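Architecture and fold: a report
This is what each chain is made of:
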Amino acid sequence: MLGALGISEFDERVYRAHLAKPDRTAREIAEDLGATPSQILHAVARLVELGVLRREHDSQYRPVSPRTALSALLAQRRADSEAAFAAAGDAVDDLASEYRASRLQGDPTELVEVITGEAAVTLRVAELTQSMRTHFWVLDRPPYIGPYSNELEETFTKDLLGRGVDIRSVYTPEALEQPGRFELITRLAQLGEQARILPTLPFRLRIMDRRVALVALIGGQYDKITVVHQSGLLDALLELFDAYWQRAQPIVSTTPENPDQPSTEDLVLLRMLQAGYKDQAIARQLGTSARTVTRRIATIASRLGLDTRFQVGAEAAKRGWI
């Protein structure tokens, strides 16, 4: 039963014997288990090394609490397994890179896959997405393909963050027009997604683990994509992403929170105002009317003793709200 923790069946029987009657000698345990005292002593030495038995004096050993000792062993085995799988994953990636490099020597067309059709694109994107382990960098703009909801995006992003994936996203205002998505992105940014915004982007780009990139072939459509593998072309796309990333503005301020900052809803409103959203677009995000948005902006301005939206944005930035 404890084999997964490195404890053999015989050693487990010796451990259980100590748990049942801690004061017995090796000879007494040997008689109960039908073994020799030498076998018992060797098993005891292994159990002491694993930390499940402790020596009290020359011939006496007592069991450590199973909750303490076995939980520690379980955690160590889990960590060792995860490290081994991570190393194996790196080896698989390296072998795949070597294989692809050798194939490209004879057939450079394998540098790029061309995927057409909504079903084929959706399947290939899903395959590549599920294999991500280290990086997910995105230039995000419409159009999109397949089903989307804020709930799906939240679940997907939290899963990646939980796995330690480095998520960097550059959005356009059009990408955040889905009602509630701007607020969702600000919430995810507070959990670890690095989110920035630019007025425009030339196309939609996904970079996964810095080993593969997905690019739409036609700017206004996403049912024809290219999958770019490790190559000079991928290096160029990495440089392109970095250029847009450096130009983009953070959606969530990294400045420590101030005790006098406005409510969460007003912060979302101010961030959208900073991003260049018009009142109607802000209203769609917040699920309210443009008139209400205008009134809320005026209320914030009045509270700050200011007259114009520009002044409100400048003061909010100065105070570290956005």
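The text that follows walks through the structure, step by step, so that each part is easy to find. (Residues numbered from 1 in each chain as written. Predicted model: local features only at pLDDT ≥ 70, side-chain atom pairs only at ≥ 80, totals over all residues. Heavy atoms only, no water.)

A few points about the nonpolar core
- Ranked by size, the top nonpolar core spans 31 residues in total, and within it Tyr 171, Leu 176, Phe 182, Ile 185, Ile 251, Tyr 277 and Ile 282 carry the most contacts.
- Going through the elements one at a time, helix H7 (181–191), strand S6 (194–197), helix H9 (264–274), helix H10 (279–286), helix H11 (290–304) and helix H12 (309–318) are the ones with two or more residues in this core.
- Broken down by element, this core gets its largest block of residues, six residues, from H9.
- For Ile 282, the residues in contact, after removing those within four places along its chain, are Leu 269, Met 272, Leu 273, Tyr 277 and Val 293. (Core = buried A, V, L, I, M, F, W, Y, C linked by side-chain atoms within 4.5 Å. Buried < 20%, exposed > 50% of the residue type's maximum accessible area, 1.4 Å probe, protein only. Helix = DSSP H or I, 4+ residues; strand = E, 2+ residues; numbered from the N terminus. Contact = heavy atoms within 4.5 Å.)

Thoughts on the pairing of strand S8 (residues 212–216)
- Among the five residues that make up S8, five are buried, leaving the element largely enclosed by the rest of the structure.
- Where strand S7 (residues 205–208) folds back on S8, the antiparallel hairpin that results is connected by three residues, among which Asp 209 adopts a positive phi of roughly 55 degrees.
- Relative to strand S9 (residues 224–229), S8 runs antiparallel, the two being bridged by five bridges. Counterpart to Ala 213 in the pairing with S9 is Val 228. (Pairing = 2+ DSSP bridges.)

A short note on the pattern of salt bridges
- Following the criterion strictly, the structure yields ten salt bridges and no others.
- A salt bridge links Arg 124 to Glu 127; the nearest nitrogen and oxygen atoms lie 3.2 Å apart. Residue Arg 124 and its partner Glu 127 are located together in helix H5 (residues 118–130), separated by three residues, close to a single helical turn.
- Taking relative accessible area as the criterion, Glu 127 reaches 39% and is therefore assigned partly exposed.
- Across the salt bridge formed by Lys 158 and Glu 154, the nearest N and O atoms sit 3.1 Å from each other. Highlighted residues: Lys 158 and Glu 154, both in helix H6 (residues 150–162), separated by four residues, approximately one helical turn.
- Judged by relative accessible area, which is 40%, Lys 158 ranks as partly exposed. (Salt bridge = Lys/Arg side-chain N within 4 Å of Asp/Glu carboxyl O.)

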